[in-house]
Amino acid sequence: MLDAEQIILKYGGELIAGKIGLSRDINFFEVLETPNVKDWIKEGVLVLTTFYSNDQEVASQLKIVRELCEGQAAGVVIRLDRFLTTLHPSIKEYASKNNFPLFVLPDNVLYKNILSDFYLVYFSENANSLNLDNVSCIDEYLDKLHNYTKSNVYIEDSNGHLLFFNALSHIDEWRDSFRYYSEPMYEQYKKELRNWYTMIDDENHVYIFLPTRFKRIIIPISINNELVAWLHLSFFNETLLNTVKQIDLETIRRNIREKFLEELVETFPYFNHSQSVFEQIDFHYKQNVSFRIIKLIDSFGNDIAAKINPYSFLIKRIERVMDHIPHIHLSYLFFKEGALYMIIMYNQSIYKILSLLQNKFQKIITGEIKLIVSERIKGEQSLEKYIESLNTLEKITKIISQEEKIYTFEKLGMYEFLLDLSKNPKVVEYVKNMLSPLDLNKNLENTLRIFLENNGNILKSSEKLFIHRRTLTNRIKQIEKYLDIDIEQSETRFILQLCLKIKTISEMT
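Here's what I pulled together on the structure shown here. Residue numbering note: each chain is counted from 1, following its sequence as written. The predicted nature of this model means local features are confined to residues of pLDDT at least 70 and side-chain atom pairs, given and counted, to a pLDDT of 80 or more, with totals for whole chains, interfaces and linings taken over all residues. Computation of side-chain values: all heavy atoms of the structure, hydrogens and water removed.

1. Observations concerning the packing of helix α15 (residues 442–453) against helix α18 (residues 490–508)
To keep it simple, the criterion reads: Helix axes use the C-alpha atoms of the stretch in contact, all axes being lines fitted to C-alpha atoms, and the angles between their N-to-C directions lie in the range 0 to 180 degrees. For helices the rule is a DSSP run of H or I covering at least 4 residues; for strands it is a run of E covering at least 2, with both sets numbered from the N terminus onward. The cut-offs work like this: below 35 degrees is roughly parallel, past 145 is roughly antiparallel, 65 to 115 is roughly perpendicular, and the gaps in between are oblique. What makes a crossing left-handed is the near helix being turned counterclockwise from the far one by less than a right angle; a clockwise turn instead makes it right-handed. Residues count as neighbours in contact if any of their non-hydrogen atoms are within 4.5 Å of one another.
In contact at an axis separation of 10 Å, α15 and α18 are set at 120 degrees when each is read in the N-to-C sense. With respect to their mutual orientation, α15 and α18 come out oblique. With respect to the hand of their crossing, α15 and α18 are arranged in left-handed fashion. Residues Lys442, Glu445, Leu448, Arg449, Phe451, Leu452 and Glu453 of α15 form the contact with α18, whose participating residues are Arg493, Leu496, Gln497, Leu500, Lys503 and Thr504.

2. Notes on the packing of aromatic side chains
Stated precisely, the cut-off is as follows: Two rings from Phe, Tyr or Trp (for Trp, the six-membered ring) form a pair when their centres are within 6.5 Å of each other. A pair whose planes differ by under 30 degrees is stacked, one over 60 is edge-to-face, and the rest are tilted. Exposure categories follow from relative accessible area, calculated using a 1.4 Å probe and restricted to protein chains: below 20% of the type maximum is buried, above 50% is exposed, and the middle band is partly exposed.
Counted by the stated rule, this structure contains 19 aromatic pairs. Judged by centre distance (5.0 Å) and plane angle (85 degrees), the ring pair of Tyr186 and Phe214 falls under edge-to-face. One end of the pair, Tyr186, is in the loop between β7 (162–165) and α6 (189–199); the other, Phe214, is in the loop between β8 (208–210) and β9 (216–223), with 28 residues separating them in the sequence. Among the residues examined, Tyr186 registers a relative accessible area of 18% and is labelled buried.

3. So, the packing of helix α2 (residues 58–70) against helix α3 (residues 89–97)
To be explicit about the condition: For this scheme, ten residues count as nonpolar: Ala, Val, Leu, Ile, Met, Phe, Trp, Tyr, Cys and Pro. Four count as charged, namely Asp, Glu, Lys and Arg, and the remainder, Gly too, count as polar.
Between α2 and α3, whose axes approach to 9 Å, the crossing angle comes to 15 degrees. Relative to α3, α2 is oriented roughly parallel. The hand of the α2/α3 crossing is right-handed. Within the contact between the two elements, α2 uses Val58, Gln61, Leu62, Val65, Arg66, Cys69 and Glu70 and α3 uses Ser90, Ile91 and Tyr94. Residue composition of the contact of α2 with α3, by class: six nonpolar, two polar and two charged.

4. Remarks on the nonpolar core
Our working definition: We define the nonpolar core as a collection of buried residues of types Ala, Val, Leu, Ile, Met, Phe, Trp, Tyr and Cys that are connected through side-chain atoms lying within 4.5 Å of one another.
By size, the foremost hydrophobic cluster in this structure holds 59 residues, and its most contacted members are Phe260, Leu296 and Phe361. With six residues, helix α8 (residues 246–272) is the single largest residue contributor to this core. Setting aside chain neighbours within four positions, we find Phe260 in contact with Ile138, Ile155, Leu163, Phe164, Ile223, Val228, Ala229, Ile308 and Phe313. If you look at the next biggest cluster of nonpolar residues, it comprises 48 residues, including Phe278, Ile399, Leu418 and Leu472.

5. What about the pairing of β9?
Here is the rule: The pairing criterion is simple: DSSP has to find at least two bridges between the two strands.
For β9, the tally of buried residues reaches seven of eight residues, placing the bulk of the element in the interior. Summarising the sheet, β8 and β9 pair through three bridges and their orientation is antiparallel. Bridging from a neighbouring strand, Phe209 pairs with Ile217 of β9. What sits between the antiparallel neighbours β8 and β9 is a turn of five residues, in which Lys215 has the positive phi angle 50 degrees. Where β9 lies against strand β10 (residues 226–234), eight bridges are found, and the strand directions are antiparallel. Residue pairing in the sheet places Arg216 in a bridge with Ser234 of β10. Taken together, β9 and the strand that follows it, β10, pair antiparallel across an intervening segment of two residues, in which Asn224 is found at a positive phi of about 55 degrees.

Below you can see the structure in the form of structure tokens.
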């Protein structure tokens, strides 16, 4: 705060209250544009204002100062003008009583000039914030960049998909989602990306300066002379953006590229050692624990336009999630045949664990996330057999349902046999003979399906079909007549359900 005081004095301003509070640290600078202070106040912010519409209302002015003080602001700088020539004594009294630094500036001082001086001093004090000391990953470096530049910091791949972001990221003109691999919200982002490509044709082009519409600096990240990512430094205002030095941007690009390559190299084992991981696990470790393989199904894994495998930077995020899931004692991740797999060891209900995993993954990854889960691993089968089984289960999910998020072997394993049965000519002929009398009335076939799915419950079935119970009862009698059956017999219901499932699978395949 003492440095800020010197700059204010240079512009003809003065401190009129709260001298003891000059020991406070300044974390950010803000121009007050709205009287609703509580909606945006941040600890350590030094606020500049003229009180705008409240320049004649002492109560409103005092309220603003009080809310800034209670919100742990560093202080307030008030520019006087022809409408606000002096401050009411009650405001000075409040600031003095609470040791809240209160400055006044003459009306001829331009905000952009004094803000530029503030930021230049701030940047020079924090020049060492750009080095890689004590930085273990890109996420940590982005947090460091945020603290240094006070900007929104994130990295997108060359096609605009999100890869990394700082912990305090917030929505801006370009992006409204910070889920992994999400796209920008800006409608014409693809056109904008093409413009950026043309701007960096020159190999020496360190950054793209976009001061007006987007208020940001874009730093291209290249590996082997090929563009792989964009680093966004998105600023709250143009004044702060203008203070960033080119030499700092060169340092940032160099450091980001270094950490980028490090993290890529660290993920190589996940793509090449699936078999060795599987062979090293003792699946008979304890009697009260179980092992399973989970296949992650997402919307971006087969992105053929991606220059970097989309999973490369997702793996660490998933590992961090897995580390905090209760009752999972060990987890191994590997990438095989274009998909991400997890081997987990657990000792509680698998369904509770899977539900928790799916919810956690959905929060950090864009698009719809599904989990396909193998049978318990016993160690007798090879990894390839389990992968083959999971791939078959995945095919089945596309046949029977698109709404579920979690599919287990126990739930879908039987469909493997039904899939084989649906290819048997004798079985197909049997199913046709059983159900063909309903072919002329699809309403009856659908009614039968819903009735059996609800275990013959008339009330539930009629609600699902949006018909009266009496209408449903009449339809059931028609079905019994056409098929020449007694639907009350459990054996008959089993045969009908089996036939309907095989017919559905046959039609889908």
